[in-house]
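Tertiary structure, described
The chain contents come next:
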Amino acid sequence: MSATQPGRLMFAEMTEQPTVLRRLLDEGAPRIAEVARRIAARHPRFVLLTGRGTSDNAAYYAKYLLEIQLGLPCGLTSMSTTTAYEAKPDLTDCLVIAVSQSGGSPDLVASTTAAREGGAITLAVTNNPDSPLAEACEFAIDVLAGPEEALPATKTYTAELLALYLFVASLRGEDGVATARALPELAERVLARQDEVRQLAGRYRFAERMVLTSRGYGYPTAREAALKLMETSYIPALAYSGADLLHGPLAMVDNVSPVIAIVTGGRGGEALRPVLDRLQDRGADLMVVGPESAVARASAGFALPTEQLAEELQPILEIIPLQLLAYEVTRARGQDPDAPRALAKVTETR
């Protein structure tokens with residue numbers, strides 16, 4: 001790809017994902033297991049997760065993992081309660097996990113510092129082990145994604161997901177590396193199908209809005225895919241859990257506004273099936289990302305090679321064709337995925 005071609009940085013970083021996943025499995029897993037062992041010994045009674053943007057979607061994924069795999073109640077931090085209102089919650093025996101690609105956002109640092117002062121066990125999951133966030137936390141995990149120059153985060157998102165999966169598996173005393181070992185090769189297979197995604201992108205070149213939906217482990221994927229579409233192509237993209245979509249927003253779905261459904265193989269996909277039936281009854285332009293059997297029932301789709309992959313690992317693959325879709329739609333609209341308007345790599349909020 002030419003050094004001046006639009007989307008050069010985003011494309012290069014998307015294609016690095018198999019290498020990053022391998023690095024995390026081979027080099028990062030021992031440190032993650034050690035951190036998990038030390039935290040497990042403290043017996044946290046609940047978990048709060050903190051993040052912004054893409055990292056917030058990774059935190060959402062961790063919420064599903066922790067609640068389903070460990071039975072730990074989880075919540076998402078409202079950072080302004082401490083940064084704007086100066087609340088001082090009692091977080092004794094609470095594990096606070098702050099997820100951030102850069103580790104440099106002042107509100108994350110301030111919120112996590114307040115949590116530690118309130119008695120929390122604090123863990124930073126970041127791509128910068130020397131960041132202010134990592135320094136503010138008692139424990140830190142490096143996702144080992146390497147420098148990320150493109151404004152739309154891609155490789156750091158999948159690295160955060162895998163790091164969080166390995167962490168939760170280690171909290172359970174299990175070998176997450178063995179379960180996840182197939183991921184890098186599967187990611188390579190998905191990336192090699194870029195031409196399929198480019199053809200799908202033609203459907204959405206002139207879209208005025210899009211709806212994305214999923215349930216269970218796939219819901220964070222819907223949120224992240226919507227974010228990628230909005231920040232690169234500027235198409236308003238709304239993400240709903242399948243259950244929420246049926247409670248009102250379904251009324252805006254017609255045969256003009258495209259719907260992308262992420263169907264995770266397993267219980268989440270089964271729970272989404274009635275939603276897909278309702279969407280098809282309304283004549284929706286439905287694209288499915290998921291198992292081949294689900295794709296076959298939709299207007300269009302991208303079949304994922306997830307037959308032998310545990311449901312909780314499938315989101316690491318699900319997002320890759322949707323990253324490619326955001327990239328291809330943006331280029332088809334004559335825009336540059338590397339230069340979203342009014343965005344900065346590190347967003348400073350208080």
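Right, let's walk through the structure included here. (Residues numbered from 1 in each chain as written. Predicted model: local features only at pLDDT ≥ 70, side-chain atom pairs only at ≥ 80, totals over all residues. Heavy atoms only, no water.)

Taken as a whole and assessed by the stated rule, the structure comprises 17 salt bridges. The salt bridge partner of Glu196 is Arg193, with a shortest N-O separation of 2.8 Å. Residue Glu196 is classed as partly exposed on the basis of its relative accessible area of 34%. Between Glu224 and Lys228 there is a salt bridge, with its nearest N and O atoms 2.9 Å apart. One end of the pair, Glu224, and the other, Lys228, are both in helix H11 (residues 219–233), 4 residues apart, so they sit about a helical turn from each other. As far as burial versus exposure is concerned, Glu224 and Lys228 are alike and both buried. (Salt bridge = Lys/Arg side-chain N within 4 Å of Asp/Glu carboxyl O. Buried < 20%, exposed > 50% of the residue type's maximum accessible area, 1.4 Å probe, protein only. Helix = DSSP H or I, 4+ residues; strand = E, 2+ residues; numbered from the N terminus.)

With that settled, the discussion passes to the sheet that holds strand E5 (residues 139–142). Overall, parallel pairing links the 5 strands, which are arranged E2-E1-E3-E4-E5 in an open sheet. What marks the edges here is a single partner per strand, and that holds for strand E2 (74–76) and E5. Mean inter-strand twist for the sheet, computed between neighbouring axes without regard to direction, equals 20°. The pairing of strand E4 (residues 121–126) with E5 spans 4 bridges and is classified as parallel. Across the sheet, the residue bridging to Thr126 is Asp142, located in E5. Docked against the sheet, helix H3 (residues 53–70) engages strand E1 (46–50), E2 and strand E3 (94–100), running at close to 165° with respect to E2. (Pairing = 2+ DSSP bridges. Axes fitted to C-alpha atoms, helices over the stretch in contact; angles between N-to-C directions. Contact = heavy atoms within 4.5 Å.)

Across the sheet, which stays open at both edges, the 5 strands sit in the order E7-E6-E8-E9-E10 with parallel pairing between neighbours. Of all strands in the sheet, those bounded by a partner on one side alone are strand E7 (237–241) and strand E10 (300–303). When strand polarity is set aside, the average angle formed by the axes of neighbouring strands in this sheet is 15°. Sheet topology places strand E8 (residues 258–262) next to strand E9 (residues 285–290); 5 bridges connect them, and they run parallel. Along E9, the bridge assignment pairs Ile262 with Val289. Across the face of the sheet, helix H10 (residues 194–201) comes into contact with E9 and E10 while running at roughly 160° to E10.

Here the focus is the packing of H10 against helix H15 (residues 314–332). Contact pair H10 / H15: the axes reach a minimum separation of 9 Å and the direction vectors enclose 55°. Taken together, the axes of H10 and H15 lie oblique to each other. For the element pair H10 and H15, the recorded crossing hand is right-handed. Taken together, the residues of H15 that come into contact with H10 (itself represented by Gln194, Val197, Arg198, Leu200 and Ala201) are Pro321, Leu324, Leu325, Tyr327, Glu328 and Val329. Its residues assigned to classes, the contact of H10 with H15 shows 8 nonpolar, 1 polar and 2 charged. (Parallel < 35°, antiparallel > 145°, perpendicular 65-115°, else oblique. Left-handed = near helix turned anticlockwise from the far one by under 90°. Nonpolar A, V, L, I, M, F, W, Y, C, P; charged D, E, K, R; others polar.)

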